[in-house]
Amino acid sequence: MTEFDLRRQDCITGMSRLAEGSVDIVVTSPPYNLGISYGKYSDCQDRRSYLGWCGEWAGQVRRVLRPDGSFFLNIGAAPSNPMLPHEIVMTLREFFVLQNTIHWIKSIAIDTVERKTDARDPHHHPLPGQGEADAKRRVRVEGDTKTFGHFKPINSRRFLNDCHEYVFHFTKSGRVELNRLALGVPYQDKSNIARWSHTRGKDLRCRGNTWFVPYETIQSREKERPHPATFPVQLAEWCIKLHGTSRVRSMLDPFLGIGNSAVAAQRCGVKKFLGFEIDETYLTEAKRRIVNGRGGRSRK
């Protein structure tokens, strides 16, 4: 059972009252300063003020995070403002080491017709020390194309539709060990199981740093997802599992929103979850979602 402590409070003030080194993992997504219409927050600061504010809350996150803790920060951009996520990373270098950069793929187009390349193709000959299987890897060829996931289309002659966001994994040391196989996937070429000693005979490899996590299809944003900028519950779940579910006793989300991170903590069996949110409407929705998630105790 997860114990929830959800507070209607500014996160900088709230975190300043928490004990140092009391949180195992932080999973959050702050406002992006892209002019999004939130209920109780102005998302239109000048760049210097916004980055200064990011430094304030990041300093508190560092203070409350355990030495071996993980901080997963979801940040998106706009096609016309692509540097914002990287400027935030540069600001946070004062407090953390960027250990991993994860690309959250929200939508992707894939050619669905496949064939095997001919081993005689000079472009696919194995390098010295590699087996013939490497020369016969499956490749995509022109054919039917299918799209998966969801994105917000834009009407532009300059920019492409933005189908991904970042999840930056920060730690205090850059040396925090992860449970990479918690999100493992099977090998496409099964010969790798025997060829690589690190597999230990198991058909499971690291998923890597590209995560395809689409939004769930909804009929009404107002009723089902009443927040202009949320990440899927599954994204937060994967962050918890990557850090190592058994190691997560306490979890924090300084920008709770409608509580998807709290639902993820609930599903993963995190013992204690703490969230801050300044908007009463969003906080009420977060509590409702936790109740519908079945399980956990909520404390005001």
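Draft legend 1. Seen up close, the overall build of the chain. Secondary structure assignment for the chain yields eight helices and 13 strands. The burial tally for the chain puts 43% of its 300 residues in the buried class. Taking the intrachain contacts of the chain between residues at least 6 apart in sequence as the baseline, contacts between residues at least 24 apart amount to 76%. Just so you have it, the chain exposes about 16700 Å², and 49% of that area is on carbon and sulfur atoms.

Draft legend 2. The arrangement of the packing of helix H2 (residues 47-64) against helix H3 (residues 84-92) in detail. The geometry of H2 relative to H3 is characterised by a closest axis approach of 9 Å and an angle of 45° between their N-to-C directions. When the interaxial angle is binned, H2 and H3 end up oblique. In this structure, the crossing between H2 and H3 has a hand that is right-handed. Where H2 abuts H3, its residues Arg47, Tyr50, Leu51, Cys54, Gly55, Trp57 and Ala58 lie against Leu84, Glu87, Ile88, Thr91 and Leu92. Counted by class, the contact of H2 with H3 contains eight nonpolar, two polar and two charged residues.

Draft legend 3. Local environment of the nonpolar core. Within the largest apolar cluster, 33 residues are counted, with the highest numbers of intra-cluster contacts made by Val27, Phe72, Trp211, Ile240, Met251 and Phe273. Breaking this core down by element, the ones donating at least two residues are strand S1 (3-8), strand S2 (23-28), strand S4 (97-105), helix H6 (233-243), helix H7 (260-268) and helix H8 (280-292). Among the elements that take part in this core, H6 stands out by supplying seven residues, more than any other. Setting aside chain neighbours within four positions, we find Phe72 in contact with Ile25, Val26, Val27, Thr28, Ile102, Val167, Phe168, His169, Cys239, Leu242 and His243. Of all hydrophobic cores here, the second largest spans 32 residues; its members include Tyr50, Trp57, Ala58 and Phe95.

Draft legend 4. Region of interest: a nonpolar patch on the surface. Among the surface-exposed residues, Ile108, Phe148 and Phe212 lie close enough to one another that they form a single nonpolar patch of about 230 Å² accessible area. Tracing the backbone through its elements, the reader meets Phe148 in strand S8 (residues 145-149). Residue classification places Phe148 among the partly exposed residues on the basis of a relative accessible area of 35%.

Draft legend 5. A look at the confidence of the model for the chain. Confidence in the prediction for the chain averages 85 pLDDT; 79% of positions are at 70 or higher. Below pLDDT 50 for its whole length, residues 122-141 participates in 36 contacts with residues either more than four positions away or in separate chains. Confidence over residues 294-300 falls short of pLDDT 50; this stretch has 20 contacts with residues more than four positions distant or in other chains.

Draft legend 6. Up close: the packing of aromatic side chains. Taken as a whole and judged by the stated rule, the model has 13 aromatic pairs. Aromatic pair Trp53 and Phe255: ring centres 5.6 Å apart, planes at 70°, arrangement edge-to-face. Of this pair, Trp53 sits in helix H2 while Phe255 sits in the loop between strand S11 (250-253) and H7, and the two are 202 residues apart along the sequence. A relative accessible area of 14% means that Trp53 is categorised as buried. Taking 6.3 Å as the distance between ring centres and 45° as the angle between the ring planes, the aromatic pair formed by Phe168 and Phe170 counts as tilted. On the accessibility criterion, Phe170 (1% relative accessible area) is buried. Each member of the aromatic cluster is reached from another via a ring pair, and the members are Tyr50, Trp53, Trp57, Phe71, Phe96, Tyr166, Phe168, Phe170 and Phe255. The residue whose ring lies beneath Lys106 is Trp104, and the NZ or CZ to ring-centre distance is 5.4 Å.

Draft legend 7. Representation of the pattern of salt bridges within the structure. Within this structure, the stated rule accounts for nine salt bridges. Put simply, Arg8 and Glu280 hold a salt bridge, and the shortest N to O gap is 3.2 Å. Here Glu280 lies in helix H8 and Arg8 lies in strand S1, a separation of 272 residues in the sequence. A salt bridge links Asp203 to Lys190; its shortest N-O distance comes to 2.6 Å. Of this pair, Asp203 sits in the loop between helix H4 (191-195) and strand S10 (210-212) while Lys190 is found in the loop between strand S9 (164-171) and H4, placing the two residues 13 residues apart along the sequence. With a relative accessible area of 30%, Asp203 lands in the partly exposed category. Owing to a relative accessible area of 44%, Lys190 belongs among the partly exposed residues under this scheme. Each of Asp24, Arg66 and Arg249 takes part in a single network of salt bridges with overlapping partners.

Draft legend 8. Quick peek at the environment of Gly52. With respect to the secondary-structure elements, Gly52 resides in helix H2. By relative accessible area, which is 40% here, Gly52 ends up partly exposed. Each C-alpha atom of the pair Gly52 and Ile88 lies 9.7 Å from the other, and the pair is 36 residues apart in sequence.

Draft legend 9. How the structure looks around the pairing of strand S3 (residues 65-75). Burial runs high along S3: eight of the 11 residues are buried. The sheet contact formed by S2 and S3 spans five bridges and is parallel. What sits directly across from Val26, in S3, is Phe71. For S3 and S9, the ladder comprises five bridges, and the chain directions are antiparallel. Following the sheet pairing, Leu73 is matched in S9 by Phe168.

Reading guide: rules and limits
Residues numbered from 1 in each chain as written. Predicted model: local features only at pLDDT ≥ 70, side-chain atom pairs only at ≥ 80, totals over all residues. Heavy atoms only, no water. Helix = DSSP H or I, 4+ residues; strand = E, 2+ residues; numbered from the N terminus. Buried < 20%, exposed > 50% of the residue type's maximum accessible area, 1.4 Å probe, protein only. Contact = heavy atoms within 4.5 Å. Areas by Shrake-Rupley, 256 points an atom, 1.4 Å probe, with all protein chains shown as cover. Axes fitted to C-alpha atoms, helices over the stretch in contact; angles between N-to-C directions. Parallel < 35°, antiparallel > 145°, perpendicular 65-115°, else oblique. Left-handed = near helix turned anticlockwise from the far one by under 90°. Nonpolar A, V, L, I, M, F, W, Y, C, P; charged D, E, K, R; others polar. Core = buried A, V, L, I, M, F, W, Y, C linked by side-chain atoms within 4.5 Å. Patch = residues over 30% accessible without salt bridge, like charges linked within 9 Å, V, L, I, M, F, W, Y side chains within 5 Å. Salt bridge = Lys/Arg side-chain N within 4 Å of Asp/Glu carboxyl O. pLDDT = per-residue confidence, 0-100. Phe/Tyr/Trp six-rings, centres within 6.5 Å; stacked < 30°, edge-to-face > 60°. Lys NZ or Arg CZ within 6 Å of the ring centre and 35° of its normal. Pairing = 2+ DSSP bridges.

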